[in-house]
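Residue-level structure breakdown
Residues per chain are reported as follows:
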Amino acid sequence: MMSTLSGSLRRLLLAPPLADVTFAGRGFPVTQTDATQRLEAIPQAVVCGFEWGIDARGQWEVERRLSMVEPELQGFAYEGATMALTILDAMSGGRGHRVRDLLLGPGQPHIFLTYIGIGFAMARLPRPLWKKVMPDLTGSAYYPTMSWLAVDGYGFDRAYFDTGRWVDGQYVPSPYPWENSPGYFARAADQGVGRALWFIHGGQVPDVTASVRRFASHRQADLWSGVGLAATFAGGCGAEALSVLRREAGAHRPELAQGAVFAAKARSYAGFIPTHTEMAVSVLADLSLQDAVTLADDTEVSPHGSGPVPQYELWRQRVRARFPASGDPVSA
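From a predicted model like this one, the values you see are computed outputs, not experimental measurements. Every chain's residues receive numbers from 1 upward, in the order its sequence appears when written. Side-chain atom pairs in this predicted model are given and counted only at pLDDT of 80 or more, local residue features only at pLDDT of at least 70, and totals for whole chains, interfaces and linings cover all residues. Hydrogen atoms and water are omitted, and side-chain values are computed over all heavy atoms in the structure.

Some details on the environment of Leu149
Definition in use: What counts as a helix is a DSSP run of H or I of at least four residues, what counts as a strand is a run of E of at least two, and both are numbered from the N terminus. Partly exposed describes any residue whose relative accessible area lies between the buried limit of under 20% and the exposed limit of over 50%, with all areas from a 1.4 Å probe on protein chains only and scaled to the type maximum. Pairs of residues are marked as contacts when any of their non-hydrogen atoms sit within 4.5 Å.
Relative to the assigned elements, Leu149 resides in helix α8 (residues 148-161). Judged by relative accessible area, which is 5%, Leu149 ranks as buried. Taking the C-alpha atoms as reference points, Leu149 and Ser92, separated by 57 residues in sequence, lie 24 Å from one another. What Leu149 contacts, discounting residues up to four positions off in sequence, is Phe112, Tyr115, Ile116 and Tyr312.

Some points on the pattern of salt bridges
Keep this limit in mind: Criterion for a salt bridge: a side-chain nitrogen of Lys or Arg within 4 Å of a carboxyl oxygen of Asp or Glu.
For the coordinates displayed, the defined rule picks out 18 salt bridges. Taking the shortest distance from any N to any O, the salt bridge between Arg57 and Glu61 comes out at 3.6 Å. Classification of Arg57 as exposed rests on a relative accessible area of 77%. Asp152 is the partner of Arg195 in a salt bridge, and the nearest nitrogen-oxygen pair spans 2.7 Å. Note that Arg195 is positioned in helix α10 (residues 185-200) and Asp152 in helix α8, a separation of 43 residues in sequence. The exposure class of Arg195 is buried, given its relative accessible area of 7%. Via salt bridges that share partners, Arg187, Asp222, Glu255, Glu313, Arg316 and Arg320 belong to a single interconnected network.

Some words on the side chain of Glu61
When you line up the elements, Glu61 lands in helix α4 (residues 59-67). Take Glu61: its relative accessible area is 15%, and that puts it in the buried class. Apart from residues lying up to four places away in sequence, Glu61 is in contact with Asp55 and Ala56.

A closer look at the packing of aromatic side chains
One pair of aromatic rings is described through two measures. These are the centre distance and the angle between the planes. Basically, it comes down to this: Pairing of aromatic rings covers Phe, Tyr and Trp, the last counted by its six-membered ring, and requires centre-to-centre distances within 6.5 Å; plane angles under 30 degrees mean stacked, over 60 mean edge-to-face, and any other angle means tilted. For a ring to carry a charge above it, either NZ of a lysine or CZ of an arginine must fall within 6 Å of the ring centroid while also lying within 35 degrees of the normal to the ring plane.
On inspection of all chains with the given rule, the structure shows 22 aromatic pairs. Taken together, a centroid distance of 5.0 Å and an interplanar angle of 70° make the contact between Trp130 and Tyr176 edge-to-face. With Trp130 in the loop between α7 (111-122) and α8 and Tyr176 in the loop between α9 (163-168) and α10, this pair connects stretches of sequence that are 46 residues apart. Judged by centre distance (6.3 Å) and plane angle (55°), the rings of Phe262 and Tyr312 are tilted. Linking Phe262 in helix α14 (residues 253-270) with Tyr312 in helix α17 (residues 311-320), this pair joins segments that are 50 residues apart in sequence. Here Phe262 matches Tyr312 in class, with each residue buried. The ring of Phe161 has Arg124 sitting right over it, with the charged end atom 5.3 Å from the ring centre.

Comments concerning helix α12 (residues 220-233)
Put simply, the test is: An expected span of 1.5 Å times one less than the residue number is assigned to each helix.
Over its 14 residues, α12 runs 20 Å from end to end, which matches the ideal 20 Å to within 8%, given 1.5 Å per residue. In terms of residue burial, α12 counts as a mostly covered element, since 14 of its 14 residues are buried. One or two residues past the end of α12 sits Gly235, with phi positive at roughly 80°.

Things to note about the packing of helix α11 (residues 205-213) against α12
Definition in use: A fitted line through C-alpha atoms serves as each axis, taken over the contacting stretch for helices, and the angle formed by two N-to-C directions is quoted from 0 to 180°. Note that the term roughly parallel is reserved for angles under 35 degrees, roughly antiparallel for angles over 145, roughly perpendicular for angles of 65 to 115, and oblique for everything else. The sense of a crossing depends on the near helix, which, turned anticlockwise from the far helix by less than a right angle, makes the crossing left-handed and, turned clockwise, makes it right-handed. Polarity classes work like this: nonpolar for Ala, Val, Leu, Ile, Met, Phe, Trp, Tyr, Cys and Pro, charged for Asp, Glu, Lys and Arg, and polar for all others, with Gly in that last group.
Contact geometry for α11 and α12: axes closest at 10 Å, N-to-C directions at 155°. Viewed along their axes, α11 and α12 adopt a mutual orientation that is roughly antiparallel. For the element pair α11 and α12, the recorded crossing hand is right-handed. For the pair formed by α11 and α12, the contact residues are Val208, Thr209, Val212 and Arg213 on the first element and Gln220, Leu223, Trp224 and Val227 on the second. Tallied by class, residues from the contact of α11 with α12 come to five nonpolar, two polar and one charged.

Describing unusual backbone geometry
In this model, Tyr143 is joined to Pro144 through a cis peptide bond whose omega is 0°. Here Pro144 is to be found in the loop between α7 and α8. Although it is not a glycine, Glu179 adopts a positive phi angle of roughly 50°. Along the polypeptide, Glu179 turns up in the loop between α9 and α10. Positioned with a positive phi, Asn180 is a non-glycine residue whose angle comes to about 60°.

So this is what it looks like as structure tokens:
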């Protein structure tokens, strides 16, 4: 019994070596370029953040370590740290306050990515503990609307680390009553799977496109949304390839553009906007960075609304409505 418990704790608390999250380490058939090297640095930043979160003696130490990460990668390091603190809080019977302190404190600018970090932890925790992973963040912007990004993070993690089952086998997770909307759970996870496809294929547009199209047709809209978010937030290819991506999205160009708009909003909220984000939102959504942020703000929903459709999905719908199938924005 003690041996089993010890093994479980090791699997939860030990981060993978950095080499294991490279394209070669994951067995992903990606041609190395300067752009793919930048993409590889993203999961490595997550791993570093996780290690710091597990080892730190307190929030000050976590914050100090994360502050030394370059701005473009800092949010990803916060993802990893949030994942670690979520696991530690869950192991304390849900009585911990590490995640809440981080997300209401120094992690607030990275709130979109820290939610994803909670999802990474969910991928390693048994479902009975999931009801304890989301802290009360009353007073935090976009809570609880964007808590669905935790489910997105769960889908990303499983597609990235269990690719054979989740991507090749097109696995569909069973419903879970996240925000009292079990029927939406698989859709939110698919948005994370779409983001993972961008990384699995190293931002190589033909391969990403082919991978999305292998999925059942009713799942492809959410996958394209995830692809648009990843391409815009993380980068990985130039303007010409992004133009091809937009064209290949076809009828799902509104979803691709919606993902790009959300990525622009997340980058702006964090206070650092890479050149590749400005370029991607321009190509995929025909918007300047500021216009994309304004669109996200103008279509924002009440975080306390209720109804059969999650507020998060209503926000996505409002953004998509600004883009016809051509992908060009329409006036409000």
